[in-house]
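Observations on the three-dimensional arrangement
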Amino acid sequence: MKAIILSQYEGPDGLKVGEVDKPQPTDTQVLVRIKAAAINDWDWGLVRGTPFYIRLLAGLFRPRVQIPGAEMSGVVEAVGKGVTRFQPDDAVYGDISECGFGGFAQYVCVPETALIRKPETMTFEEATAIPHAAALALQGLRDVGQLQPEGKLLINGAGGGVGTIGAQIARSMGAEDITGVDHGDKFAVMRQAGFGAVLDYTREDFTASGQRYDLILDTKTNRPPFRYLRVLKPGGAYVTVGGNTGRLLQIFFLGPLIRFFTGKRLSIVALKTNQDMDFLNSLYEKGGLKLFLEGPYPLVEVPGALSRFGAGKHLGKVIIRTD
Ligand SMILES: NC(=O)c1ccc[n+]([C@@H]2O[C@H](COP(=O)([O-])OP(=O)(O)OC[C@H]3O[C@@H](n4cnc5c(N)ncnc54)[C@H](OP(=O)(O)O)[C@@H]3O)[C@@H](O)[C@H]2O)c1
């Protein structure tokens, strides 16, 4: 089968398009004929071997992952003897970053727990945009952030996957006062996603605006924790899904102390992959979830598409067509 092959941490230019053996499912695995995949932050980290924790997970000097690609959708081709939830011809999607990656290829074998049934009305491209970003947004807003419909919500890094899906999830939960912070190029998409107010991070610093929020969801944590505290209302919460490693460590260690002394919460989302997908499938089927996509690009264009992603030039989730 055709695949994008990773052999060194050399960035997108080090990737090769090549032929590898088609995988065979074990008793507990599902063989999926991949139709589409999406570029994810994990893939960008994996091809460069940075931040450093990527090397702790994927190999210190050389990547153990042979084929990147964290989010994919496709059709079940075969199942192992012990698989109970799926059968050939089922349309599926999932985040496969916890079972070895491999989405930038024509086939992959994964455990059934990594797969979700795709609603008929959802396209394969749309399905690849959901598992990672939507799960982060839902778990960040609902579970960790405990979003209250009457509260004032701000999402930082609002024009990306988590932000555009997050605004729609928040609206479906009744929130109305939603501000998004990102680059001005993303404002049109952000307004379509449901942001009532938009701020350009290159011109304004939301932590110095004088506005206060009940909940802040951040995809880009890059400031000292105290800057977030000053724009939180009493009892408010700041929830991050990712960002600068040093800042995340500060939040991890200082968060409990800050809560004790101020009553405000600073928390990090530890993603539970492929959970809550029934909620998201149902939101999609009710017409409450619009996905913003770029592409699709053919498999051979993965290196170029990854470079666009890394340079922040993409608008929406970057989709790869693998068939
Ligand atoms: N918690 C977990 O378990 C877990 C697991 C995996 C990944 N993650 C994290 O999840 C996040 C991915 O979020 P995503 O998919 O929404 O990312 P994304 O699609 O790349 O979106 C991020 C957005 O933030 C914007 N941005 C860049 N710099 C900014 C700044 N200084 N202030 C405000 N916005 C800025 C980007 O715009 P530009 O075009 O201008 O750059 C982009 O539109 C990453 O932080 C990743 O590390 C978390």
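Residues numbered from 1 in each chain as written. Predicted model: local features only at pLDDT ≥ 70, side-chain atom pairs only at ≥ 80, totals over all residues. Heavy atoms only, no water.

**With respect to the side chain of Asn-281**
We count it as follows: Only DSSP runs of H or I reaching four residues or more are called helices, and only runs of E reaching two or more are called strands; each is numbered from the N terminus. Pairing of N or O atoms within 3.5 Å defines a polar contact, subject to two protein rules: one partner must be a possible hydrogen donor and the other a possible acceptor, and residues neighboring in sequence count only if both atoms are side-chain atoms. Throughout, a contact is declared for two residues whenever any of their heavy atoms are within 4.5 Å.
With respect to the secondary-structure elements, Asn-281 resides in helix H9 (residues 277-285). Reaching out from Asn-281, the side chain makes a polar contact with the side chain of Tyr-93 at a distance of 2.7 Å. With residues near it in sequence (within four places) discarded, Asn-281 still touches Tyr-93, Ile-116, Arg-117, Pro-119 and Met-122.

**Quick look at the pattern of salt bridges**
The test is simple: Note on definitions: salt bridges are taken to be side-chain nitrogens of Lys or Arg within 4 Å of carboxyl oxygens of Asp or Glu.
Evaluated as defined, the whole model comprises 18 salt bridges. Between Asp-177 and Lys-152 there is a salt bridge whose closest N-O contact spans 3.6 Å. Separated by 25 residues along the polypeptide, Asp-177 in strand S9 (residues 177-182) and Lys-152 in strand S8 (residues 152-156) bring together distant segments of the chain. If you follow the salt bridges from partner to partner, you end up with Lys-35, Glu-125, Arg-321 and Asp-323 in one network.

**What to know about the sheet that holds strand S10 (residues 197-200)**
Put simply, the test is: Each pair of strands is called paired provided DSSP finds at least two bridges between the two strands. A fitted line through C-alpha atoms serves as each axis, taken over the contacting stretch for helices, and the angle formed by two N-to-C directions is quoted from 0 to 180°.
With parallel pairing, six strands are arranged side by side in an open sheet as S10-S9-S8-S11-S12-S13. Of all the strands in the sheet, just S10 and strand S13 (265-268) have a single pairing partner and so form its edges. Taking each pair of neighbouring strands and ignoring which way they run, the sheet shows an average axis angle of 15°. Two strands pair when backbone bridges link them, and strand S11 (residues 213-218) and strand S12 (residues 232-240) are joined in this way by five bridges, in the parallel orientation. Bridge pairing links Leu-215 to Ala-237 in S12. Strands in contact with helix H4 (residues 131-144) are S8, S11, S12 and S13; relative to S11, the strand with the most contacts, it is inclined by about 150°. Relative to the sheet, helix H8 (residues 245-262) contacts S12 and S13, its axis offset from that of S13 by approximately 145°.

**Some points on the environment of Asp-205**
Looking at the secondary structure, you find Asp-205 in the loop between S10 and S11. With 59 residues separating them along the chain, Asp-205 and Gln-146 place their C-alpha atoms 25 Å apart. In contact with Asp-205, not counting residues within four places along its chain, are Arg-223 and Arg-227. Polar contacts involving the side chain of Asp-205 include one to the side chain of Thr-207, which spans 2.6 Å.

**Observations concerning the packing of helix H1 (residues 41-48) against helix H10 (residues 302-310)**
What counts here: Roughly parallel covers angles under 35 degrees, roughly antiparallel covers those over 145, roughly perpendicular covers 65 to 115, and oblique covers all other angles.
One way to put it is that H1 packs onto H10 with a least axis distance of 10 Å and a crossing angle of 105°. Between H1 and H10, the crossing angle belongs to the class labelled roughly perpendicular. Listed contacts from H10 to Asp-41, Asp-43, Trp-44 and Val-47 of H1 are Leu-306, Phe-309 and Gly-310.

**Thoughts on the pairing of strand S15 (residues 317-321)**
The condition is simple: Under the scheme applied here, a residue whose accessible area is under 20% of the maximum for its type counts as buried, over 50% as exposed, and between as partly exposed, the area being computed with a 1.4 Å probe on protein chains only.
Taken across its five residues, S15 has four buried, putting it largely inside the fold. Inspection of the sheet shows strand S3 (residues 29-38) paired to S15 by three bridges, in the antiparallel sense. By the bridge assignment, Ala-36 is partnered in S15 with Arg-321. Examined bridge by bridge, strand S14 (residues 293-298) and S15 share four bridges and lie parallel to one another.

**Regarding the nonpolar core**
Put simply, the test is: Throughout this description, the term nonpolar core refers to a set of buried Ala, Val, Leu, Ile, Met, Phe, Trp, Tyr and Cys residues connected via side-chain atoms within 4.5 Å.
Ranked by size, the top nonpolar core spans 45 residues in total, and within it Ile-39, Met-72, Phe-104, Leu-115, Val-302 and Ile-320 carry the most contacts. For this core, the elements supplying multiple residues, two or more each, are strand S1 (2-5), S3, H1, helix H2 (52-58), strand S4 (71-79), strand S6 (107-111), H10 and S15. Beyond its immediate stretch of four places on either side in the chain, Leu-115 contacts Val-30, Val-32, Met-72, Arg-85, Phe-86, Val-92, Tyr-93 and Val-110. Ala-135, Phe-195, Ala-237 and Leu-280 belong to the second largest nonpolar core, which has 43 residues in total.

**Section: H9**
Applicable threshold: In this context, the arc is that of the directions from the helix axis out to the C-beta atoms.
Those residues of H9 that fall on the buried side of the exposure criterion are Met-277, Leu-280, Asn-281, Leu-283 and Tyr-284. End-on, the buried residues of H9 take up no more than an arc of 160°, which puts them together on one face. Turned more than 90 degrees off the buried face of H9, the exposed positions are Asp-278 and Glu-285. Buried residues along H9 sit in contact with strand S5 (91-95), strand S7 (116-117), helix H3 (124-128), H4 and helix H5 (161-172). Phi turns positive, to about 85°, at Gly-287, one or two residues after H9.

**What about the domain arrangement of the protein?**
Operational definition: Reported domain spans reflect what an automatic or database domain assignment gives. Throughout, buried area stands for the accessible area (probe radius 1.4 Å) lost by two parts on being put together, summed over both. Note on residue categories: nonpolar means Ala, Val, Leu, Ile, Met, Phe, Trp, Tyr, Cys or Pro, charged means Asp, Glu, Lys or Arg, and polar means any other residue, Gly included.
Split by domain assignment, the protein resolves into domain 1 (2-130 + 292-321) and domain 2 (133-268). Using C-alpha coordinates to define each centre, domain 1 is positioned 28 Å away from domain 2. Summing both partners gives a buried area of about 680 Å² for domain 1 against domain 2, and 64% of it is carried by carbon and sulfur. For the domain 1 face of the interface with domain 2, the top three residues by lost area are Ile-130, Phe-292 and Leu-315, together amounting to 65%. Seen at the junction of domain 1 and domain 2, the total is zero salt bridges. Applying the counting criterion to the domain 1 and domain 2 interface returns one residue pair in polar contact (both at pLDDT 80 or more). In the side of domain 1 that touches domain 2, the residues fall into six nonpolar, two polar and one charged.

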